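# Coordinate inspection notes
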Amino acid sequence: MLYGMVKTAFDFTVRKEVIKLPNLPASFEGLKIVQISDIHSGSFTSTNPFEKAIKLIHEQKPDLVFFTGDLVNNIADEVDDYIQVLSTITAPMGVYSVLGNHDYGDYMQWETKDQKVKNLEKLKASHGKMGW
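Note that the coordinates shown come from a computational prediction; the quantities given were computed from them, not determined experimentally.

### Some words on unusual backbone geometry
- A positive phi angle, close to 45°, is found at His40, a residue other than glycine.
- Mapped onto the secondary structure, His40 falls in the loop between β1 (33-36) and α2 (48-59).
- Exposure remark for His40: the relative accessible area of 16% places this residue in the buried category.
- Despite not being glycine, Asp70 has its phi angle at roughly 65°, a positive value.
- For Asp70, the location among the structural elements is in the loop between β2 (64-68) and α3 (83-86).

### Focus on the nonpolar core
- If you look at the biggest cluster of nonpolar residues, it comprises 23 residues, and the most contacted ones within it are Phe50, Val65, Leu71, Leu86, Ile89 and Trp132.
- Looking at this core, the elements that each hand over two or more residues are β1, α2, β2 and α3.
- The contacts of Val65, once residues within four sequence positions are left out, are Val34, Ile36, Ile57, Ile89, Thr90, Ala91, Gly94, Val95 and Tyr96.

Quick notes on the rules
- Residues numbered from 1 in each chain as written.
- Predicted model: local features only at pLDDT ≥ 70, side-chain atom pairs only at ≥ 80, totals over all residues.
- Heavy atoms only, no water.
- Helix = DSSP H or I, 4+ residues; strand = E, 2+ residues; numbered from the N terminus.
- Buried < 20%, exposed > 50% of the residue type's maximum accessible area, 1.4 Å probe, protein only.
- Core = buried A, V, L, I, M, F, W, Y, C linked by side-chain atoms within 4.5 Å.
- Contact = heavy atoms within 4.5 Å.

Here it is, written out as structure tokens:
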């Protein structure tokens, strides 16, 4: 875990895959999708890594962007300082997101079930503020 936090936290990697699907409509030919995941915004103290990653995303000229979970480590507030910079992730056909296991707050001790529910609702609202 320490190796991942120290050595690879900012080691953003672009992997390109060409996917051929039989019977895919011709209108999808050349469609570019960028998939990002596991931002864990609570692990950062600056927007600089996000700016670097977003630049890399934009260089790919995606038609669509999919964010596939773990925007935070545990608490919705962790993303607050990064909403503005993350909202600059754009694509002509949209940016879409789903929640990951960390986003549900299951790794926190909540005083009440209502606190956990409110945390999740706030995190979902953050996705909306970013246009995801």
